[in-house]
Amino acid sequence: MKKIIIGIETSCDDTCVGILEITDKIKILSNLKINQNNLHAKYGGIVPEVAARSHINRLPIIFQEALDLAKITIRDVDLLSYTKTPGLLGSLLIGENFVKGLACQNDIPILGVNHLQAHSLIALIEQPITYPFLSLIISGGHTELWQFNSVNNYEILEKTTDDAIGELFDKVGRCMGLPFPAGTNIELLAQSTKVILPITVPKTLSFSGLKTKFIRLLEEDKQEPAIIANSLQKVVSQLLVNVLKKHTVDKNISIVVGGGVAANQYIKNSLKENFKNIFFPIQELCTDNGIMIAWCGHLLQHIE
Ligand code: KG4
Ligand code: ZN
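Worth saying up front: this structure is predicted, and the values here are computed from it rather than measured.

Draft legend 1. Geometry of the sheet that holds strand 5 (residues 110–114). Strand order in the open sheet made by the 5 strands is 3-2-1-4-5, with mixed pairing throughout. Each edge of the sheet is formed by a strand with only one pairing partner; in this case those strands are strand 3 (26–34) and strand 5. Averaged over all neighbouring strand pairs, the angle between strand axes comes to 20 degrees, with direction disregarded. Inspection of the sheet shows strand 1 (residues 3–9) paired to strand 2 (residues 15–22) by 7 bridges, in the antiparallel sense. In the strand pairing of strand 2, I4 is matched with E21. The strands touched by helix 11 (residues 290–300) are strand 1, strand 2, strand 3, strand 4 (79–85) and strand 5; relative to strand 2, the strand with the most contacts, the crossing angle is about 45 degrees.

Draft legend 2. Molecular detail of unusual backbone geometry. Looking along the chain, the bond that leaves T85 and enters P86 is cis, with omega of -15 degrees. Along the chain, P86 turns up in the loop between strand 4 and helix 3 (89–106). Put simply, Y131 and P132 share a cis peptide bond, and its omega is -5 degrees. On the secondary structure map, P132 appears in the loop between helix 4 (115–121) and strand 6 (133–138). Even without a glycine there, the phi angle at K71 is positive, about 55 degrees. Mapped onto the elements of the fold, K71 is located in the loop between helix 2 (48–70) and strand 4. Judged by its relative accessible area of 74%, K71 falls in the exposed class. The residue D107 is not glycine, and still its phi comes out positive at about 55 degrees. Summarising the element assignment, D107 is placed in the loop between helix 3 and strand 5. Residue classification places D107 among the exposed positions, given a relative accessible area of 70%.

Draft legend 3. Spatial organisation of the packing of aromatic side chains. The final tally for this structure, using the stated rule, is 6 aromatic pairs. On the numbers, 5.2 Å between centres and 20 degrees between planes, the contact of F133 with F148 is stacked. Of the two residues, F133 is situated in strand 6 and F148 in strand 7 (residues 143–150); the sequence distance between them amounts to 15 residues. On the basis of relative accessible area, F133 is assigned to the buried category, the value being 0%. One aromatic cluster is present, formed by Y131, F133, W146, F148 and Y154 through successive ring pairs.

Definitions and cut-offs
- Residues numbered from 1 in each chain as written.
- Chains lettered and ligands numbered in written order.
- Predicted model: local features only at pLDDT ≥ 70, side-chain atom pairs only at ≥ 80, totals over all residues.
- Heavy atoms only, no water.
- Pairing = 2+ DSSP bridges.
- Helix = DSSP H or I, 4+ residues; strand = E, 2+ residues; numbered from the N terminus.
- Axes fitted to C-alpha atoms, helices over the stretch in contact; angles between N-to-C directions.
- Contact = heavy atoms within 4.5 Å.
- Buried < 20%, exposed > 50% of the residue type's maximum accessible area, 1.4 Å probe, protein only.
- Phe/Tyr/Trp six-rings, centres within 6.5 Å; stacked < 30°, edge-to-face > 60°.

The following block contains the structure:
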């Protein structure tokens, strides 16, 4: 039987709509995203009020575009899945109210999902992974390690004690004059040097000390941005490896990685060198997207 699921993501600054077709296969019919980078660039970070207003204007447009691209109408849709939490309250409410309006008008079931659970489970769209498994969520707003015992039974094993890993990339990038978010540009910059500064790896999952350290090296010691970028990738990779090693006494346990920073090839390679059963979503499903919300809705729909 064919099932069409729409996923709507408005938890932060990206307005995303993804459409999945589930038969005996899984097919992505559309995966659209409008980022608000230009709206927030002059503030150097996300302004919640600006983000919410932008979702109001853009969501209905991108929703219709996603339907058109998928060559379906709202009457073909079997489930509307949306991000319920965590995120910016105003932005989340825009997504939720939009979905509730559609559900009332068209009599379609809805399901609110956890954004971090969706980042974690999206790796399973490509390959089945046996429970229990670990999930490393590395994004602009979150840095957490979860253990999934089943699809909806999970516990948090570790969490950053201060900033998220993506914030480290973005804040250091801002001091280099890079546009927000800076992760991709830092990765590109790092490729132009082989020099790595000896930086002490924090003992716990923490990024704020590193942020201060790198900004000081940049502004006071006038270190080259490329060397900073390369050293930053190296030290955070080592920190993630150390944290994962603490929780992988069972060497066969699988690890999935999700969130925007999982798109970083250097980090991906170092994690792959250290852990054999480690899985990453494809690049466009690492950063925020509607498909991960649709997929999470699909997995949770018939679970109590
Ligand atoms: O998952 P995401 O799209 O949004 C949140 O849920 O936060 O992650 C965005 C974060 C930003 O901090 C961005 O700089 C970072 O992911 N990012 C990267 C790369 N691509 C995106 N960080 C490092 N290397 C990348 N290639
Ligand atoms: Zn995210």
